[in-house]
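Here's the letter readout for the chains.
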Amino acid sequence: MLPLRLFNHKQIMKGKYLITTDCWFFAPDGKQYKSVWGEVEIVSDAILGIKTNVRSSNWFAKVGSDENHLIIAGCQIHYACKSENKPNTERVDDWSNTTGKLEEYKRPSNIYIAE
């Protein structure tokens, strides 16, 4: 699979996607997330009201509706998975091995639903 930056993102990113970002972000509900799911529209830096320079991302993904959306810099998109179906947002199984023994537990989902 080729990295996303090698594709013409304006042509292929239409519809609903589950996007995983490089960094954690705060969503409108005040919680931190690592992923967002919703309708994607690729927009230019004009959405910010400023012109970015060559060291900044020059395209952005608007994820969600006009009333409830996030703007993600193209350079922060790590994975993009096309999915018309809303992902699971219930608690999910997870595990850790920090003490030398396997510990299993449930944790909250880190997917923000932008609709």
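The rules behind the values
Residues numbered from 1 in each chain as written. Predicted model: local features only at pLDDT ≥ 70, side-chain atom pairs only at ≥ 80, totals over all residues. Heavy atoms only, no water. Helix = DSSP H or I, 4+ residues; strand = E, 2+ residues; numbered from the N terminus. Contact = heavy atoms within 4.5 Å. Polar contact = N/O pair within 3.5 Å; in protein donor to acceptor, adjacent residues only side chain to side chain. Salt bridge = Lys/Arg side-chain N within 4 Å of Asp/Glu carboxyl O. Buried < 20%, exposed > 50% of the residue type's maximum accessible area, 1.4 Å probe, protein only.

**Student:** Can you walk me through the environment of Lys-106 in this structure?
**Tutor:** Among the structural elements, Lys-106 can be located in strand S7 (residues 103-107). A sequence separation of 13 residues divides Lys-106 from Asp-93, and the C-alpha atoms of the two residues are 4.6 Å apart. Filtering out sequence-adjacent residues up to four positions away, Lys-106 remains in contact with Arg-91, Val-92 and Asp-93. Side-chain polar atoms of Lys-106 contact the side chain of Asp-93, separated by 2.8 Å.

**Student:** Explanation requested: the pattern of salt bridges in the structure shown.
**Tutor:** A side chain of one charge can pair with a side chain of the opposite charge if their charged atoms are brought near each other. Using the criterion set out here, one finds six salt bridges in the structure. The partner of Lys-16 in a salt bridge is Glu-115, and the shortest N-O contact between them spans 3.9 Å. Taken together, the residues span a long stretch of sequence, with Lys-16 in strand S1 (residues 15-26) and Glu-115 in the segment after strand S8 (111-113) at a distance of 99 residues. Notably, a salt bridge pairs Lys-106 with Asp-93, separated by 2.8 Å at the nearest N-O pair. Placement of the pair is Lys-106 in strand S7 and Asp-93 in strand S6 (residues 92-96), with a sequence separation of 13 residues. Asp-93 carries the same exposure label as Lys-106, and that label is exposed. The network of salt bridges with shared partners includes Glu-41, Lys-62 and Asp-66.

**Student:** Quick question: what am I supposed to make of the environment of Lys-82 here?
**Tutor:** With respect to the secondary-structure elements, Lys-82 resides in strand S5 (residues 77-82). Classification of Lys-82 by relative accessible area gives partly exposed; the value is 46%. Separated by 68 residues in sequence, Lys-82 and Lys-14 have C-alpha atoms that sit 8.6 Å apart. With near-sequence residues (within four places) excluded, Lys-82 lies in contact with Lys-14, Gly-15, Lys-16 and Tyr-17.

Function-wise, these values are silent; they only describe arrangement.
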